[in-house]
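# Chains, contacts and geometry: an overview
Next come the chains, spelled out residue by residue.
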Amino acid sequence: MSRVEKLPPEKWDPRIVAAVKPEEATDLEQGLTRFFAHCPEQALGLMGFGGALKMNRSLPDRLVELVRLRIAFFNQCRSCMAIRYSDALADGLNEELVCSLKKPAEAENLTDAEKIAIRYGELFATDHLAIDDAIYDDVRTHFSEAQIVELGMTVAFFVGFGRLAATWKMVEELPAAFQDTDKTIAPWGEDAIHVR
């Protein structure tokens, strides 16, 4: 059971209902909105920021999803690990690539740009002060300055809200493999939920 009460859509601010359209989404697809709805103004601001990161993205969807899933592993965010977003699937993400996240530096099916972005996200999640000039030099070989800023904001979003979601233990709707919060799990090798 979640540590924070989930609000059902009938208790949401009408502006949140209009933005999310919960009647078209499963409980899992409604995700963290069920918690954020306790604070409508903050929820709307967060949705605006998250939406801007997604809708105005210049980074490839596949790359962002790989980074998100690697961070989810370090956060141990069950819902983050169980989900696969359809835009990333349309951009070539598949479970073979997700399995490459077990040892991304050694993966032959990841591009060099994906590997350094994953490394950046991994360090941000585990030892952010290890992101030094050398890491930024490597990142800069594949990404523009604007993309580096975008990657940083995206990674910060994933790390912060993934950790928050992990502490709230929202696992009831997840496949059984993702419900046990007493053990460390990974997003590779398990059944995933595909979200539209």
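Now for a quick tour of the structure. Since this is a predicted model, take the numbers as computed values, not measurements.

Definitions and cut-offs
- Residues numbered from 1 in each chain as written.
- Predicted model: local features only at pLDDT ≥ 70, side-chain atom pairs only at ≥ 80, totals over all residues.
- Heavy atoms only, no water.
- Helix = DSSP H or I, 4+ residues; strand = E, 2+ residues; numbered from the N terminus.
- Rg over C-alpha atoms; globule rule 2.2 N^0.38 Å.
- Buried < 20%, exposed > 50% of the residue type's maximum accessible area, 1.4 Å probe, protein only.
- Contact = heavy atoms within 4.5 Å.
- Salt bridge = Lys/Arg side-chain N within 4 Å of Asp/Glu carboxyl O.
- Phe/Tyr/Trp six-rings, centres within 6.5 Å; stacked < 30°, edge-to-face > 60°.
- Lys NZ or Arg CZ within 6 Å of the ring centre and 35° of its normal.

### Topic: the overall build of the chain
When helices and strands are counted, the chain shows 11 helices and two strands. Expected size for 196 residues packed as a compact globule is a radius of gyration near 16 Å; at 17 Å, the chain falls within 12% of this value. Structurally, the chain occupies a C-alpha span of about 50 × 35 × 30 Å along its principal axes. In the chain, buried positions account for 44% of the 196 residues.

### Points about the side chain of serine 2
Mapped onto the fold, serine 2 is located in the segment before α1 (14-20). Residues within four places of serine 2 in sequence aside, it is in contact with Phe35, Trp168, Lys169, Met170 and Glu172.

### Looking at the pattern of salt bridges
Within the structure shown, the criterion is met by 15 salt bridges. The closest approach of N and O atoms between arginine 62 and glutamate 114, which form a salt bridge, is 2.5 Å. A residue pair is termed long-range when its members are at least 10 positions apart, and arginine 62 in helix α5 (residues 61-75) and glutamate 114 in helix α9 (residues 112-126) qualify at 52 residues. Side by side, arginine 62 and glutamate 114 carry an identical accessibility label, which is buried. Residues arginine 140 and aspartate 137 are paired through a salt bridge, measuring 3.9 Å at the closest nitrogen-oxygen approach.

### A few points about the packing of aromatic side chains
Following the criterion strictly, the structure yields 10 aromatic pairs and no others. Relative to phenylalanine 161, the ring of phenylalanine 157 lies with its centre 5.2 Å away and its plane at 50°, an arrangement referred to as tilted. In this pair, phenylalanine 157 and phenylalanine 161 both sit in helix α11 (residues 145-168), four residues apart, roughly one turn of the helix. Given the relative accessible area of 28%, phenylalanine 161 is considered partly exposed. What links up through ring pairs into an aromatic cluster is the set Phe35, Phe36, Phe49, Phe157, Phe158, Phe161 and Trp168. Positioned above the aromatic ring of tyrosine 85 is the side chain of lysine 54, whose terminal nitrogen or guanidinium carbon lies 5.1 Å from the ring centre.

### Section: unusual backbone geometry
Of note in this structure, lysine 21 is not a glycine but carries a positive phi near 55°. One can find lysine 21 in the loop between α1 and α2 (27-30). In this structure, lysine 169 takes a positive phi of about 55° despite not being glycine. Examined against the element boundaries, lysine 169 turns out to sit in the loop between α11 and β2 (193-195).

### Quick look at the environment of threonine 154
Along the chain, threonine 154 falls in helix α11. A relative accessible area of 5% places threonine 154 in the buried class. Through-space distance from the C-alpha of threonine 154 to that of alanine 130 is 18 Å; in sequence the pair is 24 residues apart. Threonine 154 has contacts with Leu53 and Val64, leaving out every residue within four places of it along the chain.

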